[in-house]
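Breakdown of the fold
Now for the letters of each chain:
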Amino acid sequence: MIDQVSRDFDAGAARYDLLVALNPGYHNHLNRAATELISRLPGGSRLIDVGCGSGASTAALLRAAPSAPILGIDASAGMLAQAQAKPWPSWVRFLQGRAGCLADLIPGEQRPHGMLAAYLFRNVPADQRDAALADAHEVLADDGWLMVVEYSVAGRPRAEALWNLICRTVILPLATLTGGNPALYRYLQQSVLEFDTTAAFADRMVRAGFTDVAVATVPGWQKGILHLFRGRKDAR
Ligand SMILES: C[S@@+](CC[C@H](N)C(=O)[O-])C[C@H]1O[C@@H](n2cnc3c(N)ncnc32)[C@H](O)[C@@H]1O
């Protein structure tokens, strides 16, 4: 089923790369998340990039682990088409699918050891987030790691005020100037304001079965706004 979020991403897909290129630090933060994830895994580990979009996060995984098999998954056909139009080595593949349905999509013998979900979970409705995290936990191989990159400002008034200021003065004007889909960027502002507190999302990870759950913010202008969450699937 195509939902409104996928339709909005389809509509904004062609301009997505341009807009993230205008976001200082976007690729650095993805590189940081990918490198931290890979540093926890044995060489040659299978990787999955859930909500891979136009492939920016997939490229970060590939930079961190140049020979690892990577599967990018996204719900939006338009975003996937952007990703697939780029040159990739044969061991990077893409598939249309939804967070929350990964266990049905990925055969047991292809379970990934590492999963990156960059800027995805905010787009998963709050009442489906626990199930999506439980599905991520189920699909990971034992001792695998999940790395989540996500904005969260709830419960921190200074971060919330800074986010609103950045949206008003930078993100929304740039989206309009570059011909992006303004509805998508208004949605971006609102979805960040409404996303879980960092503690609440970390609790969801624990409830889904992850251990060694930790959260850290990034340096730079997104400090306190953008966070990396990680958790391990304990071998039982
Ligand atoms: C903000 S983009 C991030 C793309 C990429 N990870 C990056 O770092 O540039 C979020 C992506 O998540 C996808 N998405 C949203 N909800 C999803 C879901 N439930 N399952 C899979 N993909 C989803 C959207 O289609 C979109 O491509």
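Here, the structure is the one placed above.
Note that the structure is a prediction, hence the values are computed from the model and not measured.

Helix and strand counts for the protein come out as nine helices and seven strands. Counting only C-alpha atoms and orienting by the principal axes, one finds that the protein spans roughly 50 × 40 × 35 Å. Looking at the protein as a whole, 45% of its 236 residues are labelled buried. Pairs at least 24 residues apart make up 72% of the contacts formed inside the protein by residues separated by at least 6 positions.

Okay, the sheet that holds strand β5 (residues 145-151) next. If you trace the seven strands from one edge of the open sheet to the other, you get β3-β2-β1-β4-β5-β7-β6, paired in mixed fashion. Only two strands of the sheet have a single partner each, and these edge strands are β3 (92-96) and β6 (211-217). On average, adjacent strands in this sheet sit at an angle of 15° to one another, irrespective of strand direction. With seven bridges connecting them, β5 and strand β7 (residues 226-232) associate as antiparallel partners. Paired with Leu146 across the strands is Gly231, a residue of β7.

Around the ligand sit 21 residues, and of these Gly51, Gly53, Ala56, Ser76 and Asn123 come closest. Those elements that place two or more of their residues in the shell around the ligand are α1 (4-21) and α3 (56-64). Classifying every residue of the shell around the ligand by side-chain character gives 13 nonpolar, six polar and two charged.

Attention shifts here to unusual backbone geometry. The backbone of Asp143 sits at a positive phi, close to 70°, despite the residue not being glycine. Topologically, Asp143 is positioned in the loop between α6 (126-139) and β5. The backbone phi angle of Asp212 is positive, close to 50°, even though this residue is not glycine. Position of Asp212 among the secondary structure elements: in strand β6. Note on Asp212: 13 C-beta atoms within 10 Å, which makes it partly exposed.

Scoring rules and cut-offs
- Residues numbered from 1 in each chain as written.
- Predicted model: local features only at pLDDT ≥ 70, side-chain atom pairs only at ≥ 80, totals over all residues.
- Helix = DSSP H or I, 4+ residues; strand = E, 2+ residues; numbered from the N terminus.
- Buried ≥ 20, exposed ≤ 12 C-beta atoms within 10 Å, placed from the backbone.
- Contact = placed C-beta atoms within 7 Å.
- Pairing = 2+ DSSP bridges.
- Axes fitted to C-alpha atoms, helices over the stretch in contact; angles between N-to-C directions.
- Near = placed C-beta within 6 Å.
- Nonpolar A, V, L, I, M, F, W, Y, C, P; charged D, E, K, R; others polar.

Keep in mind that these numbers describe shape and distance, not what the molecule does.
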